[in-house]
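# Structural description and commentary
Chain by chain, the residues:
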Amino acid sequence: MTDRIKEQLSTFLDGELPEQETALLLKRLERDDELRGALSRYSLIGAVLRNDGDVPAARQVAARVSAAIAREPLRVSAFVRLPRRDALLRSLAGLAVASGVAFGAVLIVQQVDSQDPAAPDAVLAQTSDPPIEPVSDAADAADDPARIYVTPPATDAPGRIAPAQLANYLVAHYGYATPLVRRSVGAGLMSAPDGSVLVDVAAPEGKADP
Amino acid sequence: MRAEAGDIALVRRVQKGDKAAFDALVLKYQHKVLKLVQRYVRNPAEAEDIAQEAFIKAYRALPAFRGDSAFYTWLYRIAINTAKNALVASRRRPVSYDLDLQDGTQVQAHARLSDTETPEALALTDEIRRTVNEAIEALPDDLRLAIVLRELEGLSYEDIAKTMECPVGTVRSRIFRAREAIDRSLREVFDGGLGRIGDIE
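Residues numbered from 1 in each chain as written. Chains lettered and ligands numbered in written order. Predicted model: local features only at pLDDT ≥ 70, side-chain atom pairs only at ≥ 80, totals over all residues.

Within chain B, the secondary structure is distributed over eight helices and zero strands. If you list the helices and strands of chain B from N to C, you get α-α-α-α-α-α-α-α. By the burial criterion, 41% of the 201 residues in chain B qualify as buried. Expressed as a percentage of contacts within chain B between residues at least 6 apart in sequence, the contacts between residues at least 24 apart total 63%. (Helix = DSSP H or I, 4+ residues; strand = E, 2+ residues; numbered from the N terminus. Buried ≥ 20, exposed ≤ 12 C-beta atoms within 10 Å, placed from the backbone. Contact = placed C-beta atoms within 7 Å.)

A tally of regular secondary structure across chain A gives eight helices and two strands. N-terminal to C-terminal, the α/β element order of chain A is α-α-α-α-α-β-α-β-α-α. Evaluated residue by residue, chain A yields a buried proportion of 25% over its 210 residues. The long-range fraction of contacts in chain A, counting pairs at least 24 apart against all pairs at least 6 apart in sequence, stands at 57%.

Among all positions of helix H1 (residues 3-13) of chain A, only Lys-6, Gln-8, Leu-9, Ser-10, Thr-11, Phe-12 and Leu-13 of chain A are buried. Within two residues after H1 of chain A, Gly-15 of chain A carries a phi angle of roughly 70°, on the positive side.

Moving on, we come to the confidence of the model for chain B. Atomic detail in the predicted coordinates should be set aside for any region of low pLDDT. Residue and element names in this part refer to chain B. When pLDDT is averaged along chain B, the result is 82; 80% of the residues meet or exceed 70. Contacts from residues 98-115, a stretch scored under 50 in pLDDT, to residues over four places away or in other chains number 24 contacts. Predicted as a complex, the structure gets a pTM of 0.56 and an ipTM equal to 0.74. (pLDDT = per-residue confidence, 0-100.)

Moving on to the packing of helix H2 (residues 19-31) of chain A against helix H2 (residues 19-37) of chain B. As a packed pair, H2 of chain A and H2 of chain B sit with axes 9 Å apart at the nearest point and diverge in direction by 75°. The angle between H2 of chain A and H2 of chain B falls in the class roughly perpendicular. In contact with Leu-26, Lys-27, Leu-29 and Glu-30 of chain A of H2 of chain A, H2 of chain B contributes Ala-20, Ala-21, Asp-23 and Ala-24 of chain B. Split by residue class, the contact of H2 of chain A with H2 of chain B holds five nonpolar, no polar and three charged. (Axes fitted to C-alpha atoms, helices over the stretch in contact; angles between N-to-C directions. Parallel < 35°, antiparallel > 145°, perpendicular 65-115°, else oblique. Nonpolar A, V, L, I, M, F, W, Y, C, P; charged D, E, K, R; others polar.)

Here we take up the environment of Asp-18 of chain B. In this fold, Asp-18 of chain B is placed in the loop between helix H1 (2-15) and H2. Judged by local crowding, Asp-18 of chain B falls into the partly exposed class, with 19 C-beta atoms found within 10 Å. In this structure, Asp-18 of chain B is in contact with Leu-26 of chain A together with Arg-13 of chain B, ignoring residues within four places of it in sequence.

Attention now moves to the confidence of the model for chain A. All names here are of chain A. Confidence in the prediction of chain A, expressed as mean pLDDT, is 65, and 37% of residues score 70 or more. Mean pLDDT values over the elements of chain A span from 43, in strand S1 (residues 134-135), up to 94, in H1. Predicted confidence for residues 118-152 stays below pLDDT 50, and this span has 34 contacts to residues more than four positions away or in other chains. Per-residue pLDDT stays below 50 along residues 191-210; that stretch engages in 34 contacts with residues further than four places along the chain or on separate chains.

Residue and element names in this part refer to chain B. Grouped together as the largest cluster of nonpolar side chains are 69 residues, with contacts concentrated most on Val-33, Val-37, Ala-51, Leu-75 and Ala-79. Counting residues per element, this core draws most heavily on H2, at 11 residues. Contacts of Val-37, omitting those with residues within four sequence positions, involve Ala-47, Ile-50, Ala-51, Ala-79 and Ala-83. (Core = buried A, V, L, I, M, F, W, Y, C linked by C-beta atoms within 7 Å.)

Below, the structure is given as structure tokens:
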């Protein structure tokens, strides 16, 4: 135990130690018996000085209380709540994650929708669809920004998700989906109007049957 | 007062689930609580049991502590009630002293030892008092003034710095060096046969 630590202890006893140093000192106090002894003696010195009389030296009180408290359940006050700012940040963070997941899902579904239905076994990541290029009429757009648009790739697919491709995607990412999503997407697959579902989602390897 | 603010900060930590903070409060106040309890129960071992019980009760009640009063005042009330209850339970009458519950430190110090106190406890208590007083007298003037202003007058470091016309950092250092010098003498007492250093916690 260095003098610097003991000086912190002395300052802590007087309630003058900054909050951050206090947190570190408390952690050290938990595991340093010598430091605990010093704190106890420093407080004893103060008690003797202030009372100018007989101050009994507590021998085992702190150790016994500490042992008893360690067995106690954690007691958190109802008065102590998360600061509103923290709670708000947590809510916003959760919302941001949820939004990101939803946005990603929409993009993926759009990609699946744009693939050639003639190649149902194609792995989504290996598709070679022409890149989507923004096309704009610069002159018109300058006047009317709403006219800027994205040209979808040419495809013969009907306006729905190809079941086999979606099934492949679903199987490949099954582990990342929530149970609710699994059920709803799976149910959608199974009820495809053309009945062309080609995948056994319960297959151990998670691969689609052709 | 900064010390009270420091106590409240520790209390808030306990209320958030930090048991180490309560440990620090126990280390800080155990001697004063024990002294208070011994106004009611003279037997040292019994007094330590009651002091321990008082701290555990305080820990359990701490989630409901709002900080309307100083922590030590609240703690002393618990200690006094615990001591009284222990006396009732043992069907003994409490020793009557005038206790100012609004300020737990203003306990009359004229009570002397009873037959139930051991000679060892008596010797240790007297030796501690003598040693601390001698060590204070032996301190250089600047260290003695700093610790007296802090412990007896209850001044903040900032006020002590103004009084002694020095930086706050110097005050902090002087008070620490004063405590350390007194503590060296105390450790010699505990190591010298009246009690082992490990006994005092």
